[in-house]
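This is what each chain is made of:
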Amino acid sequence: METLEQLKRKINELEEELSLYKRFVEHIPFPFSYVDYELGKALKKERNTVSPIIETVRKDQRQQPVLQWDIDLQKDYPFEQVEQFLAPIFDLVSHHIVFVDAEGIITLCNLQAANDVGVNQDEIIGKHIRELLNIPDEQIMTLKTLRTKQPLYNCEVLDRYYGIINTRILYHEDGSIKRVISMFQSLNQMKEAEKLAIAGRIAAGIAHEIRNPLTTVRGYLQFLKEQLPEHIVHLIDQLLIPELDRANDIITDFLNIAKPNEVKAEWIDINEFIRNDLDLLLRSEALLHNVELSYHLDEKLQHYVVYIDKNQLLQVFINLFRNAIEAKTEKSLHVNIGTKLHNNLVQISVHDNGPGIPPTIIHHVFDPFFSTKQTGTGLGLSLSRKIIELHKGSMRVQSELGHGTCFIIELPAYSKK
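Residues numbered from 1 in each chain as written. Predicted model: local features only at pLDDT ≥ 70, side-chain atom pairs only at ≥ 80, totals over all residues. Heavy atoms only, no water.

(A) Layout of the packing of helix α10 (residues 270-288) against helix α11 (residues 310-326). In the contact formed by α10 and α11, the axes pass within 11 Å of each other and the chain directions differ by 45°. If you check the angle between α10 and α11, you find them oblique. Crossing of α10 against α11: the hand is right-handed. Residue-level inspection shows Ile270, Phe273, Asp277, Leu278, Leu281, Leu282, Glu285 and Ala286 of α10 in contact with α11, the latter providing Lys310, Leu313, Leu314, Phe317, Ile318, Phe321, Arg322 and Ile325. For the contact of α10 with α11, the residue count by class is 12 nonpolar, no polar and 4 charged. (Axes fitted to C-alpha atoms, helices over the stretch in contact; angles between N-to-C directions. Helix = DSSP H or I, 4+ residues; strand = E, 2+ residues; numbered from the N terminus. Parallel < 35°, antiparallel > 145°, perpendicular 65-115°, else oblique. Left-handed = near helix turned anticlockwise from the far one by under 90°. Contact = heavy atoms within 4.5 Å. Nonpolar A, V, L, I, M, F, W, Y, C, P; charged D, E, K, R; others polar.)

Structure follows, in structure tokens:
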């Protein structure tokens, strides 16, 4: 038989266990009900109460227990936990999603917003939204919602972040603002697609209407060279045929805008690609034009690969490198190519110390046919960005007069594991 001391110990253990269950139920933040028909008891807890209610119900050993709950994410959970839950889901959304508190401090910023603006997703949390957008406060629609306490519905944004924005407000129970949620749908890609579609239609027309006559003229010039005086032959070789070839090259660029070559992608280590393939191609041209070429490659990328067509990516770098050379001034030109792992992307930068791009035209550098060079077609950068986009990446430019230009390419990074 158990001694009195052993019974007391068991009773204490049962009381402690019962107290544990009771405290656990008291700390459950949402209302619920649990009915156990075999015991004939029901446990219920209402919202904004601590202690549950125990009721008697009809016993029925054949009926299964029933558990029901009523969870309100705004009322029953700290909103910080809700944001942590939503963050990885919002990272899959292709629009910009940003949450700010009543002071305009960012509490959530999805991956698309961070990548498009060019910031580190983790570092921007806890900073004011103006540090994300870098535009005046009066132009930030999220702050407008904070000031007016009025949500925005499909509001068109016409600054450099061209698109449609919607905002909504979450309130505390006392009526103060808990969060302003903003979702921005960028229309820049649609705008670029329209431009490229126009360029494609122009290209197709030019190819059919001009290329054949040019080929015919070039052929007859070659044939007539044997029957013409030497000074005329010299004119043909040095001026006429090169100009016809240049016109043909322009048509080829038009066609590439309309229908780029088929992508023959492969898995590559981007640092190895730059050290071997790219350096071999650029080094001789750098020596020829007295350009200092350097690399800063992130070793973290040795654990990642990208899926690209080497030849097409080489063409992009050649375009950027030649642009830097053509913009060269009297001072020595330095071009640095860097890589780093950024927000699950491979970020490649091509930075030069040239004269920079005037702010009045920087937003047009990727437009088809836009060029500041007398002999330029304005298709190099447009074609380069289209190549990057075909590899599911993005390309943008940063520049300041007198402080050089930086082109930034971002491609999806895939772990080698």
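(B) Examining the nonpolar core more closely. Ile270, Phe273, Ile337 and Ile348 are the most contacted members of the largest nonpolar core, which has 41 residues in total. The element that contributes the greatest number of residues to this core is α11, accounting for 8 residues. Discounting residues that sit within four places of it in the chain, isoleucine 270 has contacts with Leu301, Val306, Leu313, Val346 and Ile348. Grouped together as the second largest cluster of nonpolar side chains are 19 residues, Val100, Ile106, Val119 and Ile169 included. (Core = buried A, V, L, I, M, F, W, Y, C linked by side-chain atoms within 4.5 Å. Buried < 20%, exposed > 50% of the residue type's maximum accessible area, 1.4 Å probe, protein only.)

(C) Representation of a negative patch on the surface in the model. A surface patch of negative charge is lined by Glu13, Glu15, Glu16 and Glu17. Taking the relative accessible area as the measure of exposure, glutamate 17 reaches 38% and is therefore partly exposed. (Patch = residues over 30% accessible without salt bridge, like charges linked within 9 Å, V, L, I, M, F, W, Y side chains within 5 Å. Areas by Shrake-Rupley, 256 points an atom, 1.4 Å probe, with all protein chains shown as cover. Salt bridge = Lys/Arg side-chain N within 4 Å of Asp/Glu carboxyl O. Lys, Arg positive; Asp, Glu negative; His and termini not counted. Charge placed at Lys NZ, Arg CZ, Asp CG, Glu CD.)

(D) Expanded view of the pattern of salt bridges. The tally for this structure, following the rule as stated, stands at 13 salt bridges. For aspartate 60, the salt bridge identified is with arginine 62, shortest N-O distance 3.5 Å. Given a relative accessible area of 75%, arginine 62 falls into the exposed group. The salt bridge involving lysine 310 is made with aspartate 277; its shortest N-O contact spans 3.8 Å.

By themselves these figures say nothing about function.
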